[in-house]
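Spelled out from the first residue to the last, the chains are:
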Amino acid sequence: MNKDNPNVNDDLREEYDLTSLKVRKFGRNRKSFAGHIVRLDEDVAEMFPNAEAVNEALRFLMRVTQQNQSPKI
């Protein structure tokens, strides 16, 4: 039971200290843990199941582009 409100029934144990938790912001102004956030259009996002697949496809495209560039003189 909750100490502040005895009528509230939750599954949290008494030893859990939730006072240090911070609320994460959602939307465009939130901070990213990985660095940059890139927003994909819906039609593009439908082609990829997750971020790892997007990164793999982009790395493949980078390799193909670099291999097909004409040498600079």
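Before reading further, recall that the structure is shown in the block above.
What you are looking at is a predicted structure, and each value in this text was computed from that prediction instead of being measured.

### Section: the overall build of the protein chain
- Along the backbone of the protein chain there are 2 helices and 0 strands.
- Within the protein chain, the proportion of its 73 residues that are buried is 3%.
- Summed over all atoms, the accessible surface of the protein chain reaches about 8,300 Å², with 52% contributed by carbon and sulfur.

### Focus on a nonpolar patch on the surface
- Taken together, Leu 12, Tyr 16, Leu 18 and Leu 21 make up a surface patch of nonpolar side chains, about 420 Å² in accessible area.
- Mapped onto the secondary structure, Leu 18 falls in the segment before α1 (42–45).

Cut-offs applied
- Residues numbered from 1 in each chain as written.
- Predicted model: local features only at pLDDT ≥ 70, side-chain atom pairs only at ≥ 80, totals over all residues.
- Heavy atoms only, no water.
- Helix = DSSP H or I, 4+ residues; strand = E, 2+ residues; numbered from the N terminus.
- Buried < 20%, exposed > 50% of the residue type's maximum accessible area, 1.4 Å probe, protein only.
- Areas by Shrake-Rupley, 256 points an atom, 1.4 Å probe, with all protein chains shown as cover.
- Patch = residues over 30% accessible without salt bridge, like charges linked within 9 Å, V, L, I, M, F, W, Y side chains within 5 Å.
- Salt bridge = Lys/Arg side-chain N within 4 Å of Asp/Glu carboxyl O.

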